[in-house]
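# Coordinates in review
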Amino acid sequence: MTPNVDDRRVSRWVARLVGLGIVAVIGVVPVALDRDSYPLSTYPMFSSRRTAVEPVHTAVVTAADGAVRRLSPTQISGNDEVIIAAQLVYDAIRRDGGEVLCADIAVRLSDVETGSEVEIVTERYDAIDWYEGRKSPISRVVHTSCRVSGDGS
Amino acid sequence: MIDWMWRTAPATRLATLRILVGTYTVAFMLARSASFWQSADLPAWQTEGVGVLWFLDIPWSPTLVHLLFVGTVALGVLFTAGVGFRVIGPAFALVFLVMSTYRLSFGHVIHTEHLVALHLLAIGFSRSADEWSFDSRRRREVPQDHVRYGIPIRAMILATIITYVLAGIAKVRHGGMDWLVGDVLRNQVAYDNLRKELLGSPHSPLGGWTVRFAWLFPPAAVLTTFVEIGALVALTRSRRARWIWAISAWGFHVVVLALMAISFPYPLSFVAYACLFDVEQGAERVIQAARRRTGRTSDSKSDRLSAATSGGIPPING
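Residues numbered from 1 in each chain as written. Chains lettered and ligands numbered in written order. Predicted model: local features only at pLDDT ≥ 70, side-chain atom pairs only at ≥ 80, totals over all residues. Heavy atoms only, no water.

From N to C terminus, chain B includes 13 helices and zero strands. What you see in chain B, going N to C, is helices and strands ordered as α-α-α-α-α-α-α-α-α-α-α-α-α. In summary, chain B has a C-alpha radius of gyration of 22 Å against a globular reference of 20 Å for 318 residues, a match within 12%. Across its three principal directions, the C-alpha atoms of chain B cover 60 × 50 × 40 Å. Counting every position in chain B, which comprises 318 residues, the buried fraction comes to 57%. (Helix = DSSP H or I, 4+ residues; strand = E, 2+ residues; numbered from the N terminus. Rg over C-alpha atoms; globule rule 2.2 N^0.38 Å. Buried < 20%, exposed > 50% of the residue type's maximum accessible area, 1.4 Å probe, protein only.)

Throughout this description, disulfide means a covalent bond between two cysteine sulfur atoms. All names here are of chain A. Counted under the stated rule, the structure contains one disulfide over all chains. Here Cys102 is linked by a disulfide to Cys146, with a sulfur-sulfur distance of 2.1 Å. One quick way to see it: the torsion about the S-S bond of Cys102 and Cys146 is about -110°, and its sign makes the bridge left-handed. Of the two residues, Cys102 is situated in helix α4 (residues 99-108) and Cys146 in strand β4 (residues 139-147); the sequence distance between them amounts to 44 residues. (Disulfide = S-S within 2.5 Å.)

For the rest of this paragraph, the subject is the domain arrangement of chain A. Looking at chain A, the domain boundaries give domain 1 (5-46) and domain 2 (51-147). The gap between the C-alpha centroids of domain 1 of chain A and domain 2 of chain A is 41 Å. (Domains from an automatic or database assignment.)

Before going further, it helps to spend a moment on the layout of surface pockets. In this approach a probe as big as a water molecule rolls over the atoms, and the regions it shows empty are the leftover space. Looking at the largest pocket, its volume works out to about 1400 Å³. Lining of the largest pocket is provided by 50 residues; of these, Ile83 of chain A together with His108, Val109, Ile110 and Arg195 of chain B occupy positions nearest its centre. Where the lining of the largest pocket is concerned, the elements lending two or more residues are β1 (53-62) and α3 (82-96) of chain A together with α7 (184-198) of chain B. Tallying contributions element by element places α3 of chain A first for the lining of the largest pocket, with seven residues. Class assignment of the residues belonging to the lining of the largest pocket gives a composition of 21 nonpolar, 13 polar and 16 charged. Of the residues belonging to the lining of the second largest pocket, the class tally is 15 nonpolar, five polar and one charged. (1 Å grid on protein atoms, 1.4 Å probe; cavity = no way out; pocket = protein on both sides within 12 Å on 5 of 7 lines; lining within 4 Å. Points joined across faces, edges and corners; volume = space filled by probe spheres on them. Nonpolar A, V, L, I, M, F, W, Y, C, P; charged D, E, K, R; others polar.)

Moving on, we come to the pairing of strand β3 (residues 117-126) of chain A. Sheet faces and side chains relate simply in a regular strand, where the side chains alternate between the two faces. All names here are of chain A. By the criterion of burial, β3 is predominantly enclosed, with eight of the 10 residues buried. In this sheet, β3 lies alongside β1 in antiparallel orientation, the contact comprising 10 bridges. Of the residues in β3, the one forming a bridge with Glu54 is Tyr125. Bridge count for β3 against β4 is eight bridges, and the pairing is antiparallel. Paired with Arg124 across the bridge in β4 is Ser139. (Pairing = 2+ DSSP bridges.)

Turning our eyes to something else, we now look at the pairing of β1 of chain A. All names here are of chain A. For β1, the tally of buried residues reaches eight of 10 residues, placing the bulk of the element in the interior. Where β1 meets strand β2 (residues 68-70), three bridges bridge the pair, whose relative direction is antiparallel. Counterpart to Val61 in the pairing with β2 is Arg69. Where β1 folds back onto β2 in an antiparallel hairpin, the turn is made up of five residues, including Gly66, whose phi is positive at roughly 90°.

Moving on: a nonpolar patch on the surface. On the surface, Ile169, Ile229 and Leu232 of chain B cluster together into a nonpolar patch covering about 230 Å² of accessible area. In this fold, Ile229 of chain B is placed in helix α9 (residues 217-229). (Patch = residues over 30% accessible without salt bridge, like charges linked within 9 Å, V, L, I, M, F, W, Y side chains within 5 Å. Areas by Shrake-Rupley, 256 points an atom, 1.4 Å probe, with all protein chains shown as cover. Salt bridge = Lys/Arg side-chain N within 4 Å of Asp/Glu carboxyl O.)

Now for the interface of chain B and chain A. Taken residue by residue, the interface counts 75 residues in chain B and 67 residues in chain A. Taken together, the two surfaces of chain B and chain A that pack against each other cover about 6700 Å², and 64% of this comes from carbon and sulfur. Of all residues in chain B, Trp45, Leu198 and Leu199 of chain B give up the largest surface area on contact with chain A, accounting jointly for 12% of the area buried on that side. Between chain B and chain A we count six salt bridges in total. Residue Arg49 of chain A is joined to Asp178 of chain B by a salt bridge in which the shortest nitrogen-to-oxygen separation is 3.5 Å. The interface formed by chain B and chain A contains 26 residue pairs in polar contact (both at pLDDT 80 or more). Within the residue set of the side of chain B that touches chain A, elements represented by two or more residues are α2 (33-38), α4 (85-103), α5 (114-124), α6 (147-181), α7 and α10 (239-260) of chain B. For the side of chain B that touches chain A, the element with the highest residue contribution is α6 of chain B, accounting for 17 residues. Looking at the side of chain B that touches chain A residue by residue, the class counts come to 38 nonpolar, 25 polar and 12 charged. (Contact = heavy atoms within 4.5 Å. Buried area = accessible area lost by both parts, 1.4 Å probe. Polar contact = N/O pair within 3.5 Å; in protein donor to acceptor, adjacent residues only side chain to side chain.)

See the structure below:
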């Protein structure tokens with residue numbers, strides 16, 4: 001079935017409008033607004049001017065003997081996405097110094113880490129040095145800490 | 001060029017894309033079910049709506065999130081099978097958009113689902129179940145090649161190109177020449193792996209080892225930007241150029257996975273690039289091989305009219 005001339009003219013214009021609309025909505029609007037969102041984005045991943053020395057906001061557990069153990073994203077945030085966990089710690093520090101998050105993590109760990117301390121920390125390392133074997137932090141700030149009790153409180 | 005969008009395509013091509021993208025999405029949701037499920041338990045104070053949920057400032061009830069997740073998966077199965085597609089097609093595209101938006105509404109946008117969400121909108125709001133679907137089983141007439149099948153595919157191609165080009169532009173825009181010829185990429189790889197280690201997450205030992213070789217990174221940065229902005233070759237008629245670009249982009253994601261333990265599953269599965277090619281031909285070969293194996297004769301509608309064209313309108317190049 002061959003479309004008639006009018007139909008073809010209309011569909012040609014529809015196609016052009018769809019194409020222009022897609023370019024405008026997906027391509028131009030996010031850049032004009034300079035906003036990373038979903039599903040429209042400027043796709044800024046890996047594009048920042050990263051230096052070798054950057055802060056890492058995280059939560060750790062310090063055992064009674066002083067040993068420091070890293071927590072997984074799930075233990076920190078309740079979600080297994082590392083970026084969500086990192087953002088959660090960062091936001092928590094800005095919000096209340098990490099106190100609420102510290103208490104949340106302590107509750108999550110109450111079955112396995114009784115008697116230990118949760119610490120919300122900002123650590124600063126030279127990332128290149130780290131992978132060349134020099135793993136001492138440049139700085140380490142403990143924002144807050146809280147004890148893991150066995151009763152889930 | 002202005003009529004690049006206006007091309008016919010066989011209904012089977014769009015149907016193949018429906019099956020591929022639908023299957024991918026259902027598999028992705030099941031593979032990441034823990035993350036979708038756990039998004040119901042993220043702290044209320046972290047709620048920060050994005051995209052279509054921009055207004056969100058308190059989380060939904062866990063029951064609603066869990067029901068939405070199960071419903072999205074169920075709709076995805078129906079979408080892939082092409083059941084009641086006039087309703088299910090748009091419904092799945094929109095519900096997936098809402099579900100995936102909700103998962104990202106807690107402080108940080110992850111960029112793994114953007115393209116698949118856009119592709120689902122193109123497929124879901126088109127007549128992509130006119131062939132190889134539950135809906136088309138009893139239809140006697142064979143759909144001819146038509147722009148109604150070509151335009152959604154062109155929309156998918158355009159979305160794919162734009163995402164890569166924007167990513168390439170962002171690197172130069174935010175990182176400047178340092179991104180291309182300096183240590184920015186090396187620092188990115190080192191920092192990202194270190195952050196994962198400090199946050200108790202799987203990281204890439206290969207990436208950690210590689211950052212010792214500073215000279216590797218400027219050429220890698222230039223190549224990355226070249227591949228991303230090079231997505232524009234997908235606009236060309238040259239099938240070879242499109243293959244070269246798709247394989248280069250796929251290779252780029254493999255390297256990102258190897259060096260940074262960051263997975264972009266949609267491009268890694270290659271389904272993201274399927275819209276660039278005559279995917280129905282591969283699907284037809286698979287169907288014919290299956291028929292030969294089972295001893296059935298080849299009598300499908302698409303076999304009878306595989307070369308049908310609507311006349312006058314140029315077909316999608318392939």
